[in-house]
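Overview (structure and organization)
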Amino acid sequence: MECDVAVLGGGPGGYTAAIRAAQLGAKTACIEKEAELGGTCLRIGCIPTKAWVQTAFAIKEAEETFAKLGVQVGEPNLDFAAANEWKAGVVKQMTGGVASLFKANGVEWVKGMGRFKDANMIAVEGGEDVTFKQAIVATGSFPLVPPIEGIDSPRCVDSEGLLAQEQVPGRLVVLGGGIIGCEFASIFRRFGSEVTIIEMLPKLIPMEDDAASAELAKQFQKRGITLHLEKQCTKVDDSGSALTVHFGEGETVEADLMLVCVGRGPLVENLGLEEIGVEFDKRTGIAADEHRRTTVEHIYAIGDCAGYWQLAHTAFREGEVAAENAMGHDEVVDNRGVPRPIYTDPEIASVGLTEGEAREQYGDDVEVGIFPWVANARAVMQNETVGWVKSIHESRYGELLGVVMVGPHVTDLIEAGVVALDAEATVETVADGMAAHPTLSEAIKEAGLVALGRAIHLPNRKRAKATA
Ligand SMILES: Cc1cc2nc3c(=O)[nH]c(=O)nc-3n(C[C@H](O)[C@H](O)[C@H](O)COP(=O)(O)OP(=O)(O)OC[C@H]3O[C@@H](n4cnc5c(N)ncnc54)[C@H](O)[C@@H]3O)c2cc1C
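These figures come from a predicted structure and were not determined experimentally.

Interaxial distance between helix H1 (residues 12-23) and helix H4 (residues 80-105) falls to 10 Å at its minimum, and their mutual angle equals 20°. Relative to H4, the element H1 is oriented roughly parallel. Seen along the crossing, H1 lies across H4 with a hand that is left-handed. Of H4, the residues touching H1 (which contributes Tyr15, Ala18, Ile19, Ala22 and Gln23) are Val98, Leu101, Phe102 and Asn105. Here the residues of the contact of H1 with H4 are counted per class, giving seven nonpolar, two polar and no charged.

Close contacts around the ligand come from 39 residues, with Glu32, Thr40, Lys50, Gly114 and Ala312 the closest. One of the backbone nitrogen or oxygen atoms of Gly114 is found 2.8 Å away from a nitrogen atom of the ligand. At 2.9 Å from an oxygen atom of the ligand is found a main-chain nitrogen or oxygen belonging to Asp304. Considered on its own, the ligand offers 1000 Å² of accessible surface; in the complex 95% of this is hidden by protein. Broken down by secondary-structure element, the contributors of at least two residues to the shell around the ligand are H1, strand S2 (28-32), helix H2 (39-44), helix H3 (46-65), strand S4 (113-118), helix H6 (179-190) and helix H9 (312-326). The biggest single contributor to the shell around the ligand is H2, with four residues. Of the residues contributing to the shell around the ligand, the split by class is 15 nonpolar, 18 polar and six charged.

Let us look at the nonpolar core. Of all hydrophobic cores here, the largest spans 42 residues; its most connected members are Phe188, Ile197, Leu204 and Phe220. Looking at this core, the element that brings in the most residues is H6, giving five residues. In contact with Leu204, other than residues within four places in its own chain, are Gly177, Cys182, Ile197, Ser213, Leu216, Ala217, Phe220, Leu227 and Leu229.

The next thing to look at is the packing of H3 against H6. In a pair of packed helices, the angle between the axes and the distance between the axes together describe the arrangement. Viewed as axis vectors pointing N to C, H3 and H6 meet at an angle of 40°, and their least axial separation amounts to 9 Å. With respect to their mutual orientation, H3 and H6 come out oblique. The crossing of H3 and H6 is left-handed. Contacts between H3 and H6 involve Thr49, Lys50, Trp52, Val53, Ala56, Ile59, Lys60, Glu63 and Glu64 from the former and Glu183, Phe184, Ile187, Phe188 and Arg190 from the latter. Taken together, the residues of the contact of H3 with H6 break down into seven nonpolar, one polar and six charged.

How each quantity is defined
Residues numbered from 1 in each chain as written. Predicted model: local features only at pLDDT ≥ 70, side-chain atom pairs only at ≥ 80, totals over all residues. Heavy atoms only, no water. Axes fitted to C-alpha atoms, helices over the stretch in contact; angles between N-to-C directions. Helix = DSSP H or I, 4+ residues; strand = E, 2+ residues; numbered from the N terminus. Parallel < 35°, antiparallel > 145°, perpendicular 65-115°, else oblique. Left-handed = near helix turned anticlockwise from the far one by under 90°. Contact = heavy atoms within 4.5 Å. Nonpolar A, V, L, I, M, F, W, Y, C, P; charged D, E, K, R; others polar. Near = heavy atom within 4 Å. Polar contact = N/O pair within 3.5 Å; in protein donor to acceptor, adjacent residues only side chain to side chain. Areas by Shrake-Rupley, 256 points an atom, 1.4 Å probe, with all protein chains shown as cover. Core = buried A, V, L, I, M, F, W, Y, C linked by side-chain atoms within 4.5 Å. Buried < 20%, exposed > 50% of the residue type's maximum accessible area, 1.4 Å probe, protein only.

Pasting the structure below:
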């Protein structure tokens with residue numbers, strides 16, 4: 001078939017780009033090899049994982065909160081088959097939703113594996129070849145497997161393999177304390193597994209604010225998750241009925257299953273990119289500028305195959321921008337306000353600079369305010385007082401540099417910080433604005449007040465102590 005814009009890959013980046021290009025009047029084809037649209041995110045990533053997070057949260061409420069609030073329901077009991085059915089239903093609704101949006105916007109879904117034949121044609125295995133004027137590459141990423149003896153055991157699974165489990169493992173080892181590892185550790189601890197995390201760096205979620213990582217480690221340990229930081233996994237033995245995972249200096253842990261989640265690599269090989277002159281690096285992905293243009297003028301690249309972030313929402317935005325530029329606009333991606341949500345218990349959500357980054361860039365001209373959830377009425381009535389909100393600004397002009405939050409529903413609340421950073425707001429804008437009362441969102445304003453030394457609901461100290 002002939003089209004104006006061809007999109008290779010139907011994940012968050014690709015389907016967004018395809019819909020946006022079609023909205024702008026392009027005849028658009030999206031080539032996707034899987035039986036459902038939606039990519040890693042909808043099929044085997046964000047959506048099914050967060051459906052389990054919701055099940056875990058329901059158990060937590062039943063275990064820790066219902067009785068306190070005067071609701072008697074008895075001992076909670078996980079029906080894992082029902083939880084999986086719920087997860088599958090959510091995934092089906094979301095992937096089906098993308099297919100409906102394609103129909104509504106007139107995007108043609110070409111089913112099959114695509115590969116560039118030349119700079120204006122994608123050959124599709126098992127489908128019709130697609131010729132195009134502009135193309136957008138959105139092929140995503142794949143889980144990396146470290147070279148460790150024994151890691152090819154069927155008991156060592158990636159996130160897709162873990163999501164496919166029909167039984168809760170009694171003992172789960174998580175190799176890699178990044179976002180995906182910590183989210184699954186949090187879920188499976190709540191599902192009743194004994195969970196051990198092995199991470200070679202000295203902190204969980206290595207890129208995140210130090211205090212947020214430390215708070216998560218503290219809460220995980222309180223919840224009975226065993227942490228082995230600064231330890232490398234050296235070998236895995238499969239006895240046929242269990243695993244012995246070797247790590248550090250001769251230490252071992254027994255497990256029924258090991259989740260291997262040490263990072264994801266960009267999917268850039270076997271796409272014919274070399275032949276058409278699109279430059280890429282196997283580790284960092286396709287080179288693309290802020291317009292999402294590659295080294296070939298009419299070919300764009302977005303999302304995990306071409307990105308630093310590996311987040312669905314950065315892929316969404318890059319998809320919009322690439323499609324608009326492919327249709328003659330002049331748009332750029334602004335990465336100042338990229339939210340960083342982590343769906344652990346407690347949740348973490350940040351935007352902008354971490355405190356460490358702010359101090360590195362602005363030296364002594366940095367002010368920080370921390371407001372603990374224990375001083376927020378809505379958090380108290382929800383029985384969710386672990387964690388805090390941190391406001392970070394530079395003290396010359398008061399520009400807000402970052403917001404870091406640990407605690408209840410912060411992944412939903414972070415949008416306030418995103419808007420503030422995108423608008424180049426000062427800390428006064430946040431602190432002097434009104435927040436509805438009683439809400440969790442008040443804590444963002446309150447953290448700003450603490451940073452300005454004007455706290456009302458806390459003893460008036462610039463840096464209130466984070467409590468848990
Ligand atoms: C367990 C897990 C949890 C996650 N949770 C979150 C979260 O909560 N929030 C968040 O923001 N991000 C999350 N992510 C990351 C998120 O899923 C990715 O950043 C996002 O899916 C990237 O979108 P994409 O469009 O670039 O790639 P993908 O979603 O990977 O989509 C790429 C698509 O291209 C298709 N494709 C590849 N090659 C070809 C080819 N040659 N021909 C045809 N089709 C092809 C693939 O089949 C796939 O459907 C999570 C990831 C994982 C693994």
